[in-house]
Amino acid sequence: MAPAMMRLAALLLAALGALAAAGCGDSTPVESPGPGPFVHSATITVAAPTPLDKPFNAYASSAKLNTQISFAGSDFHADQIRAGNKPDLYVADDTSLPDGLFDDGLVQEPVPFATDELVLAVPKDSKIESLDDLTADGVRVAIGQEGLPVGDYAREALSGLPDAESQAILANVSSEESTNNGIVLKLTQGRADAGLVYATDVKATGGKLRAIELPARLRPEVVYAGAVVEGSENPAGAQHFLDDQLHGKGAQMLQRAGFGPPPG
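Worth saying up front: this structure is predicted, and the values here are computed from it rather than measured.

A tally of regular secondary structure across the protein chain gives ten helices and ten strands. Of all 264 residues assigned to the protein chain, the portion counted as buried reaches 44%. Partitioning the contacts of the protein chain with sequence separation of at least 6, the portion at a separation of at least 24 is 75%. Only carbon and sulfur atoms are counted for the fraction: they give 53% of the accessible area of the protein chain, which is about 13500 Å².

Structure below.
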C-alpha cells in the first residue's frame, strides 16, 4: 500500500475509534444494580410468626419454591435480625416490629399483606361464652408473653375492660406462652380453659377449638407485614415471595386459611 493510502487508513481508524469512545461515554446514565433476577430454584429463607405456618407452607409447595421457613414469635425473629442473622424475608404480626427494623436500616420498607382478629378461644365443648366468664375462680387462662404480639394484643384488649374485671382475668392467667402455638397446645391438651389468640389459630385446629368474638371496642388491629432483609443472600426471592402474598398464590392460601386482606 502507498504511503498516502496508509496515512488515510490510519486517519479513518482513528476517527472510528473516537466515535466508539464517544458512544461509550457518560451521556447515557447507567442504572445501579438491583437485587438481581428471581431464580426459581434458589433457596428463600423466611422468618415468620407461627399463625402463618399452614398458608406459607401450602404456598411454597404449590408454587414449587425452595424455601426454608422458620416459625417463631415475631419479637424473637426481630431480636435475631438485630443480632446479625439475615433471613431473606422477615414477616411479623405487629407492624411496629418491621417498622423499627426499617428505621434502623436493617430491612427494606415493610409491606402489609394480611389481617387477622384477636378472639377468645375455648375447647369446642366449653361452657365459657364471654370474657366475663374468665373472672370466675379456678378458670385457667393462657395468653402470650409480653413482647409477643398476640400477648401484647391480649393485654391491650383486657385494658379496655373495667379495672376490676381486667385484674380478675389477669389473676387467672396460668400460662404465658412464647408462641401462638403454645397457647393453642395448652387449650387442646386441656391444660387451659380459655386463651386469647387469633381467629386463624382457632381455624387451624380443625374444630378442636371454637372462637368467641370480642366486643368491637376491644379488638386490636392485627396486621401482618413483610420486609426484605438488607444484605440477605436472596432479596429477589424474598420480594417474589412477598409479592405473591398480595396478588398471587400466596394470597389465595391466606384467604383459605381465614386471613383478611391488608388494610385499606
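Picking up where we left off.
Attention shifts here to the nonpolar core. Among the nonpolar cores identified, the biggest contains 57 residues, and Leu 120 and Leu 131 are the most heavily contacted of them. Those residues in contact with Leu 131 that sit more than four places away from it in its chain are Leu 120, Leu 158, Leu 161, Glu 165, Ile 169, Leu 196, Leu 214 and Leu 218. One finds Ala 78, Tyr 90, Ala 92 and Val 107 within the second-largest nonpolar core, a separate group that totals nine residues.

The next thing to look at is the sheet that holds strand β5 (residues 118–123). Here five strands make up an open sheet; going across it, the order is β7-β6-β8-β5-β9 and the pairing mixed. With partners counted over all chains shown, the strands left at the sheet margins are β7 (173–177) and β9 (209–213), one partner each. Averaged over all adjacent pairs, the angle separating strand axes in this sheet is 35 degrees, with direction ignored. Pairing between β5 and β9: five bridges, direction antiparallel. Following the sheet pairing, Leu 120 is matched in β9 by Ile 212. Against the sheet, helix α5 (residues 149–159) contacts β5, β6 (141–144), β7 and β8 (194–198), and its axis sits at roughly 115 degrees relative to β8.

To continue, consider the confidence of the model for the protein chain. Averaged over all residues, the pLDDT of the protein chain equals 90, while 87% of them reach at least 70. Considering only residues more than four positions removed or in separate chains, one finds that residues 1–33, a stretch of pLDDT under 50, has one contact.

So, on to the sheet that holds strand β2 (residues 67–71). Read across the open sheet, the five strands follow the order β2-β1-β3-β10-β4; overall the sheet is mixed. With partners counted over all chains shown, the strands left at the sheet margins are β2 and β4 (111–116), one partner each. Neighbour to neighbour, the strand axes of the sheet diverge by 20 degrees on average, direction disregarded. This element, helix α3 (residues 74–82), spans β1 (44–48), β2 and β3 (89–92) of the sheet and lies at about 145 degrees to β3.

Okay, the packing of helix α2 (residues 53–62) against helix α10 (residues 249–256) next. Two elements in contact, α2 and α10, have axes whose closest approach is 9 Å; the angle formed by their N-to-C orientations is 145 degrees. As for how α2 packs across α10, the hand of that crossing is right-handed. On α10, the residues that touch Pro 55, Ala 58, Tyr 59 and Ser 62 of α2 are Lys 249, Gly 250, Met 253 and Leu 254. Residues that form the contact of α2 with α10 fall into these classes: five nonpolar, two polar and one charged.

This part takes up helix α7 (residues 180–188). Residues of α7 that are buried: Asn 180, Gly 182, Ile 183, Val 184, Lys 186 and Leu 187. At the exit of α7 stands Gly 190, carrying a positive phi of roughly 75 degrees.

Attention now moves to the packing of aromatic side chains. Geometrically, a pair of aromatic rings is defined through the distance of the ring centres and the angle of the planes. Counted according to the given criterion, the structure contains seven aromatic pairs. Arranged with centres 6.4 Å apart and planes meeting at 45 degrees, the rings of Phe 113 and Tyr 224 form a pair that is tilted. Here Tyr 224 lies in strand β10 (residues 222–228) and Phe 113 lies in strand β4, a separation of 111 residues in the sequence. Taken individually, Phe 113 and Tyr 224 each receive the classification buried, so the pair is uniform in this respect. Three or more aromatic residues joined by ring pairs make a cluster, and in this case those are Phe 56, Tyr 59, Phe 113, Tyr 153, Tyr 198, Tyr 224, Phe 241 and Phe 259.

Tracing the backbone shows Pro 215 in the loop between β9 and β10. You can call Pro 215 partly exposed: its relative accessible area is 38%. Taking the C-alpha atoms as reference points, Pro 215 and Val 119, separated by 96 residues in sequence, lie 9.5 Å from one another.

All right, on to the environment of Ala 257 then. Mapped onto the elements of the fold, Ala 257 is located in the segment after α10. For Ala 257, a relative accessible area of 19% corresponds to the buried category. For the pair Ala 257 and Ala 204, spaced 53 residues apart in the sequence, the C-alpha separation amounts to 7.3 Å. Not counting residues up to four positions away in its chain, the partners in contact with Ala 257 are Pro 55, Thr 200 and Lys 203.

The rules behind the values
Residues numbered from 1 in each chain as written. Predicted model: local features only at pLDDT ≥ 70, side-chain atom pairs only at ≥ 80, totals over all residues. Heavy atoms only, no water. Helix = DSSP H or I, 4+ residues; strand = E, 2+ residues; numbered from the N terminus. Buried < 20%, exposed > 50% of the residue type's maximum accessible area, 1.4 Å probe, protein only. Contact = heavy atoms within 4.5 Å. Areas by Shrake-Rupley, 256 points an atom, 1.4 Å probe, with all protein chains shown as cover. Core = buried A, V, L, I, M, F, W, Y, C linked by side-chain atoms within 4.5 Å. Pairing = 2+ DSSP bridges. Axes fitted to C-alpha atoms, helices over the stretch in contact; angles between N-to-C directions. pLDDT = per-residue confidence, 0-100. Left-handed = near helix turned anticlockwise from the far one by under 90°. Nonpolar A, V, L, I, M, F, W, Y, C, P; charged D, E, K, R; others polar. Phe/Tyr/Trp six-rings, centres within 6.5 Å; stacked < 30°, edge-to-face > 60°.

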